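Results of the structural survey
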Amino acid sequence: MESNELFGSRKMWHHLDRIAQWQNGKLPYPVAIQMDVTNRCQHACPNCQCSVVVGKAKIELPVAIARRTITEFAECGVKSITFSGGGEPLLYGETPLLELMHLAHGCDMDVALVTNGNAMTDFQGFASVCRWIRYSIDAHDAESFTRMHGLKAFDKVMENLKSLCKKKYITTTVGVGILTKPEFGREWYMNCCRTFAEIEGLDYIQFRPVVHWDKQPAPSDEYQCIEEARNVYQIDKFFVVASEEKYSALNLPHFGRTYTRCHASFLHCTIGADACVYICCHGQGRPEYKLGDLHYASFADIWNGDLAASVRNTLNTLECLPACHLHGQNCQLQRLLKTPLHKNFI
């Protein structure tokens, strides 16, 4: 398997039924859902993209609403649920979180977890139900971890990661997420890859650029540094991955956005800990990205409702977060909207 097959926009072409509906002017139900069960977090990461919700009241998604909504996802044909943040999902409690995961799995949906790994104890429980688990570590040693997470917990998180890798099943993929900045320099990427390539059973390390709503990202050669690290440390069972689309976008006018509408919003959405449905993970906690409230309506009614339609029709992607989750998919769908010359000659 090529490393760029683990992530990236090309996976959407495995859901041609949804794309065909979109091309015909219909609104498909999403393929993937991110469910944020809490906005509490014990870390204080200065680069947290979810600070807009983590900094507010420490609310949690009511279990009854979560259960009901998961069954509604299954009825709508949703394929997967990623339990993420928002805050740190393990602070919801391992028992109720695993119950929701097993409910989704029993409804024939794939399940995944994004966590800081600090509070994980039931390694086998999560490995048995999740298709993949990613630890957000953003560092390669204790000093850099404290700087990136605002507390001293590197040794504990690394111990938990190694325990998880020992308990994982053959169908479970375990990875590490690393946020990057232009000023880190080549050695940062080499050190990160060196640290994690040595962990037996770890499948990949994923680099992602730090981006902010209120800051203009500086042009960088981060992707070139990642490529150098990949050439040194990638082996058959350990992948070094990053989205070239995202890193390239940071060096382009309008961040590479050739579109103003979020065409790909039909593929994915996010459920916040406030029980609201948001058009994407980056929009949670922001009223202009809110599609509806699960306290008062079903997921299907929200997805097909007037408020959701208004958000999709008025959202200007040029005002969105740079290098967003669906940037690559949007670029491809924008090209699909344009009829090429002599389209029937392939």
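The structure we're discussing is the one just above.
Predicted model, so just to flag it, every value in this text is computed and none were measured. Sequence order as written defines the numbering, with residues in each chain counted from 1. pLDDT decides what is reported in this predicted model: residues at 70 or higher carry local features, side-chain atom pairs at 80 or more are listed and counted, and totals for whole chains, interfaces and linings draw on all residues regardless. Water and hydrogen atoms were dropped before computing side-chain values, which therefore reflect all heavy atoms in the structure.

1. Section: the nonpolar core
Stated precisely, the cut-off is as follows: Put simply, buried Ala, Val, Leu, Ile, Met, Phe, Trp, Tyr and Cys residues joined by side-chain atoms within 4.5 Å make one nonpolar core. Here the term buried applies to any residue with accessible area under 20% of the maximum for its type, exposed to any over 50%, and partly exposed to those in between, with areas from a 1.4 Å probe on protein chains only. For this analysis, residues touch if any pair of their heavy atoms sits within 4.5 Å.
Counting residues in hydrophobic clusters, the biggest one holds 94 residues, and the most contacted among them are Phe-83, Phe-196 and Phe-207. Beyond its immediate sequence surroundings of up to four residues, Phe-196 is in contact with Ile-137, Ala-139, Met-158, Leu-161, Val-176, Ile-178, Leu-202, Ile-205 and Phe-238.

2. A short note on the pattern of salt bridges
Definition in use: When a carboxyl oxygen of Asp or Glu is within 4 Å of a side-chain nitrogen of Lys or Arg, the pair counts as a salt bridge. In DSSP terms, a helix is any run of H or I states spanning at least four residues, a strand is any run of E spanning at least two, and both are numbered starting from the N terminus.
Summed over the entire model, instances satisfying the criterion amount to ten salt bridges. Ionic pairing is found between Glu-60 and Arg-40, a salt bridge with its closest N-O pair at 2.8 Å. Note that Glu-60 is positioned in the loop between α2 (51-54) and α3 (63-76) and Arg-40 in the loop between β1 (32-36) and α2, a separation of 20 residues in sequence. Residue class for Glu-60 comes out partly exposed when judged on its relative accessible area of 32%.

3. Describing the sheet that holds β1
Put simply, the rule reads: Two strands pair if DSSP finds at least two bridges between them. Here an angle of 0 to 180 degrees is reported between the N-to-C directions of two axes, which are lines fitted to C-alpha atoms, with helices fitted over the stretch in contact.
The strand order across the open sheet formed by ten strands is β7-β6-β5-β4-β3-β2-β1-β8-β9-β10, and the pairing between neighbours is mixed. The sheet is open, and its two edges are formed by β7 (239-242) and β10 (290-293), each paired on a single side. Looking at each pair of strands side by side, their axes are set apart by 20 degrees on average, direction ignored. The pairing of strand β6 (residues 204-209) with β7 spans four bridges and is classified as parallel. Counted as the bridge partner of Gln-206 is Val-241 from β7.

4. Digging into the packing of aromatic side chains
Note the cut-off: Pairing of aromatic rings covers Phe, Tyr and the six-membered ring of Trp, with a centre-to-centre limit of 6.5 Å; geometry is then stacked below 30 degrees between planes, edge-to-face above 60, and tilted otherwise.
Summed over all chains, the structure comprises seven aromatic pairs. Taking the centre distance of 5.9 Å and the plane angle of 20 degrees together, the rings of Trp-22 and Phe-266 count as stacked. A residue pair is termed long-range when its members are at least 10 positions apart, and Trp-22 in helix α1 (residues 16-23) and Phe-266 in the loop between α10 (244-249) and β8 (268-271) qualify at 244 residues. Three or more aromatic residues link up through ring pairs in this structure, and these residues are Phe-73, Phe-299 and Trp-303.

5. Topic: unusual backbone geometry
Note the cis peptide between Gly-85 and Gly-86, where omega equals 10 degrees. The residue Gly-86 is located in the loop between β2 (80-84) and α4 (94-106) in this model. In this structure, Asp-138 takes a positive phi of about 60 degrees despite not being glycine. Structurally, Asp-138 can be placed in the loop between β4 (132-136) and α6 (142-149). If you check the backbone angles, Ala-323 has positive phi at about 50 degrees while not being a glycine.

6. What to know about a nonpolar patch on the surface
Where we set the bar: Here the term patch refers to residues with relative accessible area over 30% and no salt bridge, with like charges joined within 9 Å and nonpolar side chains (Val, Leu, Ile, Met, Phe, Trp, Tyr) within 5 Å. Here, Shrake-Rupley sampling with a 1.4 Å probe gives the accessible areas, and only protein chains in the shown set may cover a residue.
On the surface, Trp-13, Leu-16 and Leu-336 cluster together into a nonpolar patch covering about 260 Å² of accessible area. Position of Leu-336 among the secondary structure elements: in helix α13 (residues 327-337). The exposure class of Leu-336 is partly exposed, given its relative accessible area of 33%.

7. Thoughts on the state of the cysteines
The line we're drawing: For the purposes of this analysis, a disulfide is any pair of cysteine sulfur atoms at a distance within 2.5 Å.
Inspection of every chain in the model, using the stated rule, returns zero disulfides. Free of any disulfide, Cys-192 has its nearest cysteine sulfur in Cys-193, 6.9 Å distant. For Cys-192, a relative accessible area of 0% gives the class buried. Cys-280 supplies the cysteine sulfur nearest to Cys-320, a cysteine that is in no disulfide, at a spacing of 6.5 Å.

8. Concerning the packing of helix α8 (residues 186-197) against helix α9 (residues 222-233)
To keep things clear, this is the line we draw: Throughout, a crossing is termed right-handed when the near helix is turned clockwise from the far one, and left-handed when it is turned anticlockwise from it by less than a right angle. In this classification, the charged set is Asp, Glu, Lys and Arg, the nonpolar set is Ala, Val, Leu, Ile, Met, Phe, Trp, Tyr, Cys and Pro, and all remaining amino acids, among them Gly, are polar.
The interhelical angle for the contact between α8 and α9, taken along N-to-C directions, is 35 degrees, at an axis separation of 9 Å. For the pair α8 and α9, the crossing hand works out as right-handed. Counted together, Arg-186, Tyr-189, Met-190, Cys-193, Arg-194 and Ala-197 of α8 and Glu-222, Cys-225, Ile-226, Glu-228, Ala-229, Val-232 and Tyr-233 of α9 form the full contact between these two elements. The residue makeup of the contact of α8 with α9, split by class, is nine nonpolar, no polar and four charged.

9. Comments concerning helix α12 (residues 306-314)
Put simply, the rule reads: Starting at the helix axis, one direction is taken to each C-beta atom, and the arc is that of these directions.
Within α12, burial applies to Ala-308, Val-311 and Arg-312. For α12, the angular spread of the buried residues around the axis is 95 degrees, confining them to a single face. Of the exposed residues in α12, those oriented more than 90 degrees away from the buried face are Asp-306 and Thr-314. On the buried face of α12, the contacting elements are β10 and α11 (299-303).

10. Quick notes on the side chain of Asp-36
The following threshold applies: Here a polar contact means two N or O atoms within 3.5 Å. Within protein one must be a hydrogen donor candidate and the other an acceptor candidate, and residues neighboring in sequence count only if both atoms are side-chain atoms.
With respect to the helices and strands, Asp-36 occurs in strand β1. Among the polar contacts made by the side chain of Asp-36, one reaches the main-chain amide nitrogen of Gly-85 at a distance of 3.5 Å. In this view, Asp-36 contacts Leu-61, Ser-84, Gly-85, Gly-86, Thr-270, Ile-271, Gly-272, Ala-273 and Gln-284; residues no more than four positions away in its chain are not counted.

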